[in-house]
Amino acid sequence: MKGKEKAPWEKGPLKVTEDGRYFRCGEEPFFFLGDTAWLLFHQLTLEESFLYLRNRKELGYNVILADFVHTADQKNRAGDSALTDGDPARPDTEGGFWKHVDAVVEMAGELGLFLGLLPVWGSSMVKSGCLNSGNVDAYMKFVLERYHDCPHIIWIVGGDVRGDAAADVFRRMGRLMKADRPDRLVTYHPFGRTSSSLWFHEEDWLDFNLFQSGHRRYDQVSMQEWDDNTAREGWFGEDSWKYVERDRGRTPAKPVLDGEPSYEWILQGLHDNTQPYWKAADVRRYAYWSVFAGAAGHVYGHNSIMQFYRDTSREGAFGAKYLWTDAIHHPGGAQMVHLKKLCERVGFEKGHPAGEWVLRGQGEKYDYISVFAGEDFLLAYTVNGRQFVLSLEAFEGRELEAYWMDPVTGLCTYAGGITGGGEALFAPPEREDGTDCVLVLLADTESLPDRS
């Protein structure tokens, strides 16, 4: 790494923009690029934590998601317990668990990383009744007092659980978080194929929405597994952009993010080892679809990293097959920064979804063309390299420079000039490293600006 750079929160606290769509640190736009590290505090030593956190920092991530207590008998690598006799009202402060958490939290801050922290994992701790209305105040008092002064924390309620599983407890957690520090952002991590907005959108403590587009294919609607959910909430399959579209239509306006899309190298559908895996091209598709639909960033995940799989002699969850120390170098995780840099360069916070500008060539599922545009730019993403026709009426009389961006490498290659107005056909170039491609149109500029 180069010399120590200024941490984002040193430019001002992380906050929601005035239009309710994006984030800023002070006056600087903040593209939320998260990585999923649920068991960070449980599975890694301090040395391993530094390896992981620095790796993600240098890849361009700025938020790491993790939970303090996953189960009532939670212990860390050293064997230290989080709770006394499994009681959330009695955190074990005599052992080393919370001292280890303190050290990792401090380490992330020194690296300039925000932490999206869940005090407990909701599906196991709250849904089971372990954390309940009788002990939630005591546990939250401990957590909030201990980390009150940390400027780089984003609080997350929930944890892969429906909001109506224990709505009163979740609401209490959110209200206590917001009362502790009103300037600190709070959200909710929901169950698969649902969104925080379904239960908590109008809550004052919920600053932005997270949805979980999940790990299922279009055809995996009902698998007779524990993570089946009801049809009344809407089934969008792999169309992650539809969750963004739905939440952006709610009032009041709040930023929205895909808090859990299909992880790299996780089984499609999770439960059947005969099924194929989601890979780098899939995680790219989820990212570009949601961001070009107006999401305020994206959360990436890798199956081996989220559980920090470390022993191939033991079966990992959901078909994990790579050690986490290898998984941090996998291509999908490294390619997320290309989307972040592109959005930062064009001024994404001034953009809006513009799917209606696709005049011909629009399709469904993998044929879908996503478009995001601002006053001086247009971005269009195709999964399979199909041709499409766009309306350029918004750029009437202006000179546009066209580029094709390879989302695998992040390289933008100049494709010529176009005069705005009317319509134009775009045919993505064939590549040997994939079929997805990003069209970049810039108005009144001689080159792609670098705001990195």
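Residues numbered from 1 in each chain as written. Predicted model: local features only at pLDDT ≥ 70, side-chain atom pairs only at ≥ 80, totals over all residues. Heavy atoms only, no water.

A. Up close: the pattern of salt bridges. Following the criterion strictly, the structure yields 35 salt bridges and no others. In this structure, Asp-183 engages Arg-181 in a salt bridge whose closest nitrogen and oxygen atoms are separated by 3.2 Å. Given the relative accessible area of 40%, Asp-183 is considered partly exposed. For the salt bridge of Glu-344 with Lys-340, the shortest nitrogen-to-oxygen distance reads 4.0 Å. (Salt bridge = Lys/Arg side-chain N within 4 Å of Asp/Glu carboxyl O. Buried < 20%, exposed > 50% of the residue type's maximum accessible area, 1.4 Å probe, protein only.)

B. Seen up close, the packing of helix H3 (residues 97-110) against helix H5 (residues 136-146). Interhelical geometry of H3 versus H5 gives an angle of 40° and a closest axis separation of 12 Å. By the criterion of interaxial angle, the relationship of H3 to H5 is oblique. Considering only the axes of H3 and H5, their crossing is right-handed. For the pair H3 and H5, contact is made by Trp-98, Lys-99 and Asp-102 and by Tyr-139, Phe-142 and Arg-146, respectively. Tallied by class, the residues present in the contact of H3 with H5 amount to 3 nonpolar, no polar and 3 charged. (Axes fitted to C-alpha atoms, helices over the stretch in contact; angles between N-to-C directions. Helix = DSSP H or I, 4+ residues; strand = E, 2+ residues; numbered from the N terminus. Parallel < 35°, antiparallel > 145°, perpendicular 65-115°, else oblique. Left-handed = near helix turned anticlockwise from the far one by under 90°. Contact = heavy atoms within 4.5 Å. Nonpolar A, V, L, I, M, F, W, Y, C, P; charged D, E, K, R; others polar.)

C. Molecular detail of the sheet that holds strand E15 (residues 358-360). Pairing is antiparallel in the open sheet, where 3 strands are placed in the order E15-E18-E21. Looking at strand neighbours, the two that pair on one side only are E15 and strand E21 (423-426), the edges of this open sheet. Neighbouring strand axes in the sheet, compared pairwise and without regard to direction, differ in orientation by 40° on average. Alignment of strand E18 (residues 388-391) against E21, held across 4 bridges, turns out to be antiparallel. Counterpart to Val-389 in the pairing with E21 is Leu-425. (Pairing = 2+ DSSP bridges.)

D. Representation of the side chain of Asn-135 within the structure. By secondary structure assignment, the location of Asn-135 is in the loop between helix H4 (122-125) and H5. A relative accessible area of 9% means that Asn-135 is categorised as buried. From its side chain, Asn-135 meets the backbone oxygen of Cys-130 in a polar contact 3.0 Å long. Sequence-distant contacts of Asn-135, that is, excluding residues within four places in its chain, are made with Asp-87, Pro-88, Ala-89 and Cys-130. (Polar contact = N/O pair within 3.5 Å; in protein donor to acceptor, adjacent residues only side chain to side chain.)

E. Quick look at helix H8 (residues 240-248). Looking only at H8, the buried set comprises Ser-240, Trp-241, Tyr-243, Val-244, Asp-247 and Arg-248. Taken end-on, H8 shows its buried residues confined to a sector of 155°, consistent with a single buried face. Contact partners of the buried residues in H8: helix H7 (197-200), strand E11 (209-211), strand E12 (256-258), helix H9 (280-292) and strand E14 (352-353). (Arc of directions from axis to C-beta.)

F. Up close: the sheet that holds strand E16 (residues 369-374). Spatially, E14-E16-E17-E22-E19-E20 is the arrangement adopted by the 6 strands of the open sheet, whose pairing is antiparallel. The outermost strands of the open sheet, each flanked by one partner alone, are E14 and strand E20 (412-419). Taken together, the 7 bridges between strand E19 (residues 399-405) and E20 define a ladder with antiparallel strand orientation. Paired with Met-405 across the two strands is Cys-412, which belongs to E20. With respect to the sheet, H9 is in contact with E14, E16, strand E17 (377-382), E19 and strand E22 (437-443), its orientation differing from that of E17 by roughly 145°.

G. Region of interest: the layout of surface pockets. By volume, the second largest pocket is sized at about 580 Å³. What lines the second largest pocket is a set of 29 residues, and nearest its centre among them are Leu-39, Met-306, Gln-307, Ala-317 and Phe-318. Among the residues forming the lining of the second largest pocket, the class breakdown is 13 nonpolar, 8 polar and 8 charged. (1 Å grid on protein atoms, 1.4 Å probe; cavity = no way out; pocket = protein on both sides within 12 Å on 5 of 7 lines; lining within 4 Å. Points joined across faces, edges and corners; volume = space filled by probe spheres on them.)

H. Representation of empty space enclosed by the protein within the structure. With the rule as written, the count across this model stands at 1 cavity of 30 Å³ or more. Its volume calculated, the largest cavity comes out at about 40 Å³. As for the largest cavity, its lining consists of Phe-32, Val-63, Leu-65, Gly-116, Ile-154, Ile-156, Thr-187, Phe-208 and Leu-210. For the lining of the largest cavity, the elements supplying multiple residues, two or more each, are strand E5 (63-69) and strand E9 (153-158). Along the lines of polarity and charge, the residues of the lining of the largest cavity split into 7 nonpolar, 2 polar and no charged.

I. Summary view of the nonpolar core. Membership of the largest hydrophobic core comes to 123 residues, with the highest contact counts inside it found for Tyr-52 and Phe-68. Counting 21 residues, the second-largest nonpolar core is a separate cluster that includes Val-371, Phe-388, Ala-424 and Leu-439. (Core = buried A, V, L, I, M, F, W, Y, C linked by side-chain atoms within 4.5 Å.)

J. Quick look at the pairing of E16. Extensive coverage of E16 is indicated by the burial of 6 of its 6 residues. The alternating pattern of E16 places Ile-369, Val-371 and Ala-373 and Ser-370, Phe-372 and Gly-374 on opposite faces, both of which are buried. Here 2 bridges tie E14 to E16, and the two strands are oriented antiparallel to one another. Looking at E16, one finds that Pro-353 is bridged to Phe-372. Of the pairings in the sheet, the one linking E16 to E17 comprises 6 bridges and is antiparallel in character. The partner of Phe-372 across the bridge, within E17, is Leu-379. Where E16 folds back on E17, the antiparallel hairpin that results is connected by 2 residues.

K. Broad picture of unusual backbone geometry. Following Thr-251, the chain continues to Pro-252 via a peptide bond in cis, the omega torsion being 0°. With respect to the helices, strands and loops of the structure, Pro-252 is situated in the loop between H8 and E12. Even without a glycine there, the phi angle at Phe-308 is positive, about 50°. Phe-308 gets classed as buried once you look at its relative accessible area, which sits at 1%.

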